[in-house]
Amino acid sequence: MNLTLHVWRQASAEAEGTFVTYRASDVSPDMSFLEMLDVVNEDLIARGEAAIAFDHDCREGICGSCGMMINGVAHGPWKATATCQLHMRAFKDGDEMWIEPWRARGFPVIKDLCVNRSALDRIIAAGGFIAAYTGGAPDGNAVLVGKEAADIAMDAAACIGCGACVAACPNASASLFTGAKIAHLGLLPQGQPERYRRALSMVEQMDLEGFGHCTLFGECQEACPKAISIDVITRMNRDYLTASLMQREEAATPGGAG
């Protein structure tokens, strides 16, 4: 296939960016999208030009490093697929593509298609720890976990932190990400002691990072490469409300917090 690429180029966070047009020739339909960009970069380097900067690592849809808007869609046209799993057979000969980085205040551009997603790390860090008892290993059957709770927790734990939910959301909200990180611990016995404190601190950190508020458009779950449901946002909101009321009651109690 022969393709026309309009790629966002930005030398640094302080520099102004613009779209630059490139031709990608003899592209195999069996290439992944990132392999196609590798070939374009090899040609740029051979001509003495700067390669297109983009994030990548495992290229197996696990690490969450890769991510870009392709024709206005986070990770491209395939559902439940990270950019590294997207193959060029998703496109046709002669297609034009507009490729740009995640667009969100919480994700400042570093260079070209690379953005700083450390805000997501700080949200996770705000969640702190889970209570873990030391000593001998417990019997695997000593703590019972219902199948429904286990299934939902595992679905939420599938979040790879790529940031597509933020980029796809009209409000640039990180609620799907934060809800997933809260839900996968809050549904399991090991996460119960810190459940409400965790929800309070992680949501407050999300707001401090400058992400928008969720209005349940649902674009986040459509863009998520792991197809995580917005049900985790409902759970997060419920836990956050409960935690806020508990904090208020503690502050109003003589000798309580505050």
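Scoring rules and cut-offs
- Residues numbered from 1 in each chain as written.
- Predicted model: local features only at pLDDT ≥ 70, side-chain atom pairs only at ≥ 80, totals over all residues.
- Heavy atoms only, no water.
- Helix = DSSP H or I, 4+ residues; strand = E, 2+ residues; numbered from the N terminus.
- Contact = heavy atoms within 4.5 Å.
- Areas by Shrake-Rupley, 256 points an atom, 1.4 Å probe, with all protein chains shown as cover.
- Lys, Arg positive; Asp, Glu negative; His and termini not counted.
- Charge placed at Lys NZ, Arg CZ, Asp CG, Glu CD.
- Core = buried A, V, L, I, M, F, W, Y, C linked by side-chain atoms within 4.5 Å.
- Buried < 20%, exposed > 50% of the residue type's maximum accessible area, 1.4 Å probe, protein only.
- Polar contact = N/O pair within 3.5 Å; in protein donor to acceptor, adjacent residues only side chain to side chain.
- Phe/Tyr/Trp six-rings, centres within 6.5 Å; stacked < 30°, edge-to-face > 60°.
- Lys NZ or Arg CZ within 6 Å of the ring centre and 35° of its normal.
- Pairing = 2+ DSSP bridges.
- Arc of directions from axis to C-beta.
- Disulfide = S-S within 2.5 Å.

Caption draft 1: The arrangement of the overall build of the protein chain in detail. When its secondary structure is counted, the protein chain shows eight helices and seven strands. By its C-alpha atoms, the protein chain is 70 × 40 × 35 Å across when sized along the principal axes. Across the protein chain, contacts joining residues at least 24 apart in sequence account for 67% of those joining residues at least 6 apart. Carbon together with sulfur atoms contributes 54% to the accessible area of the protein chain, which is approximately 13300 Å² in total. Of the side-chain charges in the protein chain, 21 are positive and 32 negative, and the distance between the mean point of each set is 3 Å.

Caption draft 2: The arrangement of the nonpolar core in detail. Trp102, Phe107, Val166, Leu176 and Phe211 are the most contacted members of the largest nonpolar core, which totals 40 residues. The biggest single contributor to this core is helix α5 (residues 175-186), with five residues. With residues up to four places along the chain from it excluded, the contact list for Phe211 reads Gly106, Phe107, Ala119, Leu120, Ile123, Val166, Ala172, Ser173, Ala174 and Met206. Among the nonpolar cores identified, the runner-up in size contains 28 residues, and Met31, Ala82, Cys84 and Phe91 belong to it.

Caption draft 3: Region of the structure containing unusual backbone geometry. Even without a glycine there, the phi angle at Asp26 is positive, about 55 degrees. Overall, Asp26 belongs to the exposed group, its relative accessible area being 68%. Even without a glycine there, the phi angle at His75 is positive, about 70 degrees. Here His75 shows up in the loop between β4 (73-74) and β5 (96-100). Exposure remark for His75: the relative accessible area of 0% places this residue in the buried category.

Caption draft 4: The environment of His184, seen in detail. Position of His184 relative to the elements: it lies in helix α5. The sequence separation of His184 and Ala157 amounts to 27 residues, and the corresponding C-alpha distance is 5.3 Å. Ignoring sequence-local partners within four residues, the contact set of His184 consists of Ala153, Ala156 and Ala157. At 3.3 Å, the side chain of His184 and the backbone oxygen of Lys181 are in polar contact.

Caption draft 5: How the structure looks around the packing of aromatic side chains. Under the definition given, this model contains four aromatic pairs. Site record: aromatic cluster; members linked through ring pairs are Trp8, Phe19 and Trp98. Over the ring of Phe129 we find Arg197; its NZ or CZ atom is 5.6 Å from the centre of that ring.

Caption draft 6: The arrangement of the pairing of β5 in detail. Bridge count for strand β1 (residues 3-9) against β5 is four bridges, and the pairing is parallel. Looking across to β5, one finds that His6 is bridged to Trp98. When strand β3 (residues 69-70) meets β5, the two strands line up antiparallel, connected through two bridges. Bridging across to β5, Ile70 finds its partner in Ile99.

Caption draft 7: Here's a closer look at helix α2 (residues 118-126). Ala119, Leu120, Ile123 and Ala126 are the residues of α2 that are buried. Buried residues of α2 fall within an arc of 120 degrees about the axis and therefore sit on the same side. Relative to its buried face, α2 has exposed residues pointing more than 90 degrees away, namely Asp121 and Ala125. Of the residues trailing α2, Gly128 is marked for its positive phi of about 70 degrees.

Caption draft 8: Expanded view of the state of the cysteines. Under the definition given, this model contains zero disulfides. Unpaired in terms of disulfides, Cys169 finds its nearest cysteine sulfur in Cys214, a separation of 6.5 Å. Judged by relative accessible area, which is 14%, Cys169 ranks as buried. With no disulfide partner, Cys220 has as its closest neighbouring cysteine sulfur the one in Cys214, 6.1 Å distant. Residue classification places Cys220 among the buried positions, given a relative accessible area of 10%.

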